[in-house]
Amino acid sequence: IKKATDWEGGVKFNYYGAGYYTAGYPFMDADRMDYTANTRFKLWKKKINITASAGQRLGNLSHISGPGVTRQLIANINTFTQFNDRFSLNAGYNNFGFNSVSTSGYKSVRHALPLLPSYTWSSASMSNLVSVTYTWSKYDETTILPPSFTRNNTQTLLVLYVPSFFKSSISPDLSLMWFRN
């Protein structure tokens with residue numbers, strides 16, 4: 001790991017042997033190795049904070065589920081920008097999933113893209129927050145035996161307004177949500 005005031009970089013390596021099992025995460029793939037390069041840095045007078053990782057997952061390393069080794073890209077990026085005291089934006093992308101080389105040929109991959117702007121303002125008697133969350137998600141699942149392919153694309157939009165009254169113990173909120181599958 002290499003660190004400085006406005007940036008950081010490093011690598012991460014995980015290995016799970018063929019017989020590894022955990023009760024806390026019973027569906028985790030064993031017999032795999034993940035390696036990623038990770039970074040964090042700040043830009044624009046430290047108002048933009050970016051964290052990212054990219055790497056590869058190798059599965060079936062012991063060839064227990066067949067002769068082949070599976071390979072998958074692992075990627076994640078998150079950007080937070082504080083434009084001023086009132087307005088901020090968080091945006092990101094992540095890719096997660098796994099492959100199986102067994103006779104089923106199971107493959108599952110999820111891509112997600114969230115966008116979250118928020119705006120705050122205050123008066124002498126109250127503060128206000130308006131937050132919008134939009135998420136696009138694509139999920140693909142494939143099996144060879146039996147032959148099957150599933151694709152699920154979703155979009156979610158959540159709008160939230162929270163007024164906070166300084167001299168009241170009641171702080172209501174209003175939210176509206178839209179979902180498309």
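Numbering of residues begins from 1 in every chain and follows the order in which that chain's sequence is written. Totals for whole chains, interfaces and linings use all residues, but because this is a predicted model, local features are given only for residues with pLDDT of at least 70 and pairs of side-chain atoms are given and counted only at 80 or more. The side-chain numbers reported here are obtained from all heavy atoms of the structure, hydrogens and water having been left aside.

## With respect to unusual backbone geometry
Argument step 1. Residue W44 is not a glycine yet carries a positive backbone phi of 50°.
Argument step 2. At K46, a position not held by glycine, the phi torsion is positive, near 65°.
Argument step 3. Tracing the sequence through the fold places K46 in the loop between β3 (32-43) and β4 (48-59). Numbered from the N terminus, helices here are DSSP runs of H or I no shorter than four residues, and strands are runs of E no shorter than two.

## Points about the pairing of strand β7 (residues 107-122)
For a regular strand, side-chain orientation follows a simple rule: the groups alternate between the two sheet faces.
Argument step 1. Here, any two strands with at least 2 DSSP bridges between them count as paired. Strand direction decides the pairing type here: β7 and strand β8 (residues 126-143), joined by 14 bridges, are antiparallel. Residue pairing in the sheet places S118 in a bridge with S131 of β8.
Argument step 2. Joining the antiparallel neighbours β7 and β8 is a turn of three residues.

## Quick word on the packing of aromatic side chains
Argument step 1. Two aromatic rings from Phe, Tyr or Trp, using only the six-membered ring of Trp, form a pair when their centres are within 6.5 Å; if the ring planes differ by under 30 degrees the pair is stacked, by over 60 it is edge-to-face, and anything between is tilted. With the rule as written, the count across this model stands at four aromatic pairs.
Argument step 2. Judged by centre distance (5.1 Å) and plane angle (20°), the ring pair of F83 and F87 falls under stacked.
Argument step 3. We classify F83 as partly exposed; its relative accessible area is 31%.
Argument step 4. We call a residue buried when its accessible area falls under 20% of the maximum for its residue type, exposed when it is over 50%, and partly exposed in between, using a 1.4 Å probe and counting protein chains only. According to the relative accessible area criterion, F87 is partly exposed, its value standing at 29%.
Argument step 5. Look at Y119 and W121: their rings are 5.8 Å apart centre to centre, the planes differ by 35°, and that puts the pair in the tilted class.
Argument step 6. Y119 sits in the partly exposed class, given a relative accessible area of 33%.

## Looking at the side chain of S137
Argument step 1. Along the chain, S137 turns up in strand β8.
Argument step 2. What qualifies as a polar contact is a pair of N or O atoms within 3.5 Å, subject to a donor-acceptor requirement within protein and to the restriction that residues adjacent in sequence count only when both atoms come from side chains. Here the side chain of S137 touches R110 through a polar contact of 3.4 Å, side chain to side chain.
Argument step 3. Note on definitions: a residue-residue contact is assigned when non-hydrogen atoms from the two residues lie within 4.5 Å. When neighbours within four sequence positions are excluded, S137 is seen to be in contact with R110, H111, A112, N152, N153 and T154.

## A word on the pattern of salt bridges
Argument step 1. By definition, a salt bridge exists where a carboxyl oxygen of Asp or Glu is found within 4 Å of a side-chain nitrogen of Lys or Arg. Taken as a whole and judged by the stated rule, the model has six salt bridges.
Argument step 2. K138 serves as the salt-bridge partner of D140, at 3.8 Å between the closest nitrogen and oxygen.
Argument step 3. The shortest N-O distance in the salt bridge between D140 and R151 comes to 2.8 Å. Placement of the pair is D140 in strand β8 and R151 in strand β9 (residues 148-165), with a sequence separation of 11 residues.
Argument step 4. Residue D140 is classed as buried on the basis of its relative accessible area of 13%.

## Describing the confidence of the model for the protein
Argument step 1. Values of pLDDT, the confidence the predictor places in each residue, fall between 0 and 100. Mean pLDDT over the protein: 86, with 93% of residues reaching 70 or higher.
Argument step 2. When pLDDT is averaged over each helix and strand of the protein, the minimum, 76, is found for strand β1 (residues 2-3) and the maximum, 96, for strand β10 (residues 174-180).

## What to know about the environment of K12
Argument step 1. Mapping K12 onto the fold places it in strand β2 (residues 7-16).
Argument step 2. Judged by its relative accessible area of 46%, K12 is partly exposed.
Argument step 3. The spatial distance from the C-alpha of K12 to the C-alpha of N38 is 7.4 Å, given a sequence separation of 26 residues.
Argument step 4. Setting aside chain neighbours within four positions, we find K12 in contact with D34, Y35, T36 and N38.

## As for the side chain of D34
Argument step 1. Its location among the elements puts D34 in strand β3.
Argument step 2. Overall, the relative accessible area of 8% leaves D34 in the buried class.
Argument step 3. If sequence neighbours within four positions are ignored, D34 has contacts with K12, F13, N14, Q56, R57 and I74.

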